[in-house]
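Read off the chains here:
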Amino acid sequence: MISYETIEATAAFIKEKTKGFEPETGIILGTGLGGLVHEIQAEHVLPYDTIPNFPVSTVEGHSGKLIFGILSGKKVVAMQGRFHFYEGYDMQQVVFPVRVMKFIGIKRLFVSNASGGVNPNFEIGDLMIIDDHINLFPSNPLIGPNDKRFGPRFPDMSEAYDKSMIALCKQIAGELGISTQQGIYAGLSGPTFETPAEYKFIRVLGADTVGMSTVPEVIAARHMNIPVFGISVITDLGVPGKIIEVTHEEVQKVALVAEKKMTGLMKEMIARL
Ligand code: HPA
């Protein structure tokens, strides 16, 4: 269990380093979708390995960073590099940055991810606004003693993804001529991609896309009553008859192409929020 005091101490360190810079929006970007970070006029950059208590990246040369700066005229903090459960981090570590971002003042959280589409109407490269999720991870970041200062023991999840931000995104997508899908993201541990039988199982459960992230972070954000907006980029299809071999490289390649649309939407949303 990572204590309230640990999060508080980490946030205090960051506030001092960033001279009290108070971001309004926290941003976590998915595989191949990191380009938005380069559009931030950075004011403070803190590598994870310089922040006390922050999970340390196990992959050499891959230490992530927290980037504080201005995007669309607004103060934001973005994570360059997220922590995945499949890397061996426990759930507490996966959601640690979300808790810290809350303590440094974020009012909302933007998340994105690359995913496999299981809805037969979806195409590779589509953007899906996430309007709900299914937690298929073998765990939940809130398992363990609950510190009420974070949030309730049994948090409500009836509106995990903020309806007003979904409406705003759809309005902006219409104005910019960007087509979007909307649906349910199933999050599971990975790191294997799914077998055809598993894709079918996920579709039968009611999901539209499947991926290996996002759900833990969103649960932690909702526990602390942070409104969440999420977008999923469909990088491959888990639809009978359309299933082909998936590789991480292909996922990255497709995400990069779809990224411009996603970045455009998020930037305009931030400008208007
Ligand atoms: N399954 C799980 N995670 C993914 C996929 C997928 O098909 N594509 C991108 N991330």
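All values reported here derive from a predicted model rather than from experimental measurement.

Participant: Give me the pairing of strand 1 (residues 25-28): which residues, what numbers.
Facilitator: Of the two faces of strand 1, the one holding T25 and I27 and the one holding G26 and I28 are both buried throughout. Taken together, the 4 bridges between strand 1 and strand 4 (residues 74-80) define a ladder with parallel strand orientation. Following the sheet pairing, T25 is matched in strand 4 by V76. Of the strand pairs in this sheet, strand 1 and strand 5 (residues 108-117) are connected by 4 bridges, and their pairing is parallel. Note that in strand 5 the partner of G26 across the bridge is L109.

Participant: Any chance you could break down the packing of helix 1 (residues 4-17) against helix 2 (residues 91-103) for me, citing the residues and the numbers?
Facilitator: A pair of packed helices is captured by two measures, namely the crossing angle of their axes and the spacing between those axes. Contact pair helix 1 / helix 2: the axes reach a minimum separation of 9 Å and the direction vectors enclose 60°. Considering their axes alone, helix 1 and helix 2 lie oblique with respect to each other. Where helix 1 crosses over helix 2, the two elements pack in a sense that is right-handed. In contact with Y4, T6, I7, E8, T10, A11, I14 and K15 of helix 1, helix 2 contributes F96, R99, V100 and F103. Its residues placed into classes, the contact of helix 1 with helix 2 shows 7 nonpolar, 2 polar and 3 charged.

Participant: An account of the site of the ligand is needed here, citing residue identities and associated values.
Facilitator: By nearness alone, every residue bordering the ligand is listed as A114, S115, G116, F193, E194, Y199, V210, G211, M212, T235, D236 and V251. Within the backbone of A114, an N or O atom sits 3.4 Å from a nitrogen atom of the ligand. A distance of 3.5 Å is found between a nitrogen atom of the ligand and a side-chain nitrogen or oxygen belonging to T235. Bound to the protein, the ligand loses 96% of the 260 Å² it would expose on its own.

Participant: Tell me about the side chain of T263, and please be specific about residues and values.
Facilitator: Considering the arrangement of structural elements, one finds T263 in helix 6 (residues 248-272). Using a relative accessible area of 6% as the deciding quantity, one classes T263 as buried. Those residues in contact with T263 that sit more than four places away from it in its chain are L36 and E39.

Participant: Tell me what's going on with helix 6, and back it up with residues and numbers.
Facilitator: With 25 residues, helix 6 should reach 36 Å at 1.5 Å per residue; the first-to-last C-alpha distance of 34 Å fits that figure. At A258, helix 6 is deflected by roughly 45°, the largest bend along its length. Inspection of helix 6 places V251, V254, A255, A258, E259, M262, T263, L265, M266, M269 and I270 among the buried residues, and these make up the whole buried set.

Participant: Which residues make up the environment of T209, and what values go with them?
Facilitator: Mapping T209 onto the fold places it in strand 8 (residues 209-211). Taking the C-alpha atoms as reference points, T209 and E249, 40 residues apart in sequence, are found 19 Å from one another.

Participant: Which residues make up the nonpolar core, and what values go with them?
Facilitator: In this structure, I27, L66, L109 and F229 are the most contacted members of the largest nonpolar core, which totals 79 residues. Tallying contributions element by element places helix 2 first for this core, with 8 residues. In contact with L109, other than residues within four places in its own chain, are G26, I27, I28, V98, M101, E217, A221, I226, P227, V228 and F229. In this structure, V118, L188, I202 and V246 belong to the second largest nonpolar core, which totals 11 residues.

Participant: Go over the packing of aromatic side chains with me, naming the residues and quoting the values.
Facilitator: Evaluation of the coordinates by the stated rule reveals 11 aromatic pairs. Look at Y4 and F150: their rings are 5.2 Å apart centre to centre, the planes differ by 55°, and that puts the pair in the tilted class. In this pair, Y4 sits in helix 1 while F150 sits in the loop between strand 6 (127-135) and helix 3 (163-176), placing the two residues 146 residues apart along the sequence. You'll find Y4 and F150 in the same group, each marked buried. Both rings, one in Y48 and one in F83, keep their centres 5.3 Å apart while their planes meet at 40°; by these two values the pair is tilted. Residue Y48 is found in the loop between strand 2 (41-47) and strand 3 (65-71), and its partner F83 is found in the loop between strand 4 and helix 2; the two are separated by 35 residues along the sequence. Given a relative accessible area of 3%, F83 falls into the buried group. Members of the aromatic cluster, connected to one another through ring pairs, are Y48, F54, F83, Y89 and F96. Across the ring face of F21, the terminal group of K75 is positioned such that the distance to the ring centre comes to 5.5 Å. The ring of Y4 carries the charged tip of R149 above its face, separated from the ring centre by 4.1 Å.

Calculation rules
- Residues numbered from 1 in each chain as written.
- Predicted model: local features only at pLDDT ≥ 70, side-chain atom pairs only at ≥ 80, totals over all residues.
- Heavy atoms only, no water.
- Buried < 20%, exposed > 50% of the residue type's maximum accessible area, 1.4 Å probe, protein only.
- Helix = DSSP H or I, 4+ residues; strand = E, 2+ residues; numbered from the N terminus.
- Pairing = 2+ DSSP bridges.
- Axes fitted to C-alpha atoms, helices over the stretch in contact; angles between N-to-C directions.
- Parallel < 35°, antiparallel > 145°, perpendicular 65-115°, else oblique.
- Left-handed = near helix turned anticlockwise from the far one by under 90°.
- Contact = heavy atoms within 4.5 Å.
- Nonpolar A, V, L, I, M, F, W, Y, C, P; charged D, E, K, R; others polar.
- Near = heavy atom within 4 Å.
- Polar contact = N/O pair within 3.5 Å; in protein donor to acceptor, adjacent residues only side chain to side chain.
- Areas by Shrake-Rupley, 256 points an atom, 1.4 Å probe, with all protein chains shown as cover.
- Expected span 1.5 Å × (residues − 1).
- Bend = angle between axes of the 7 residues up to and from the residue.
- Core = buried A, V, L, I, M, F, W, Y, C linked by side-chain atoms within 4.5 Å.
- Phe/Tyr/Trp six-rings, centres within 6.5 Å; stacked < 30°, edge-to-face > 60°.
- Lys NZ or Arg CZ within 6 Å of the ring centre and 35° of its normal.

This is a description of form; function is not addressed.
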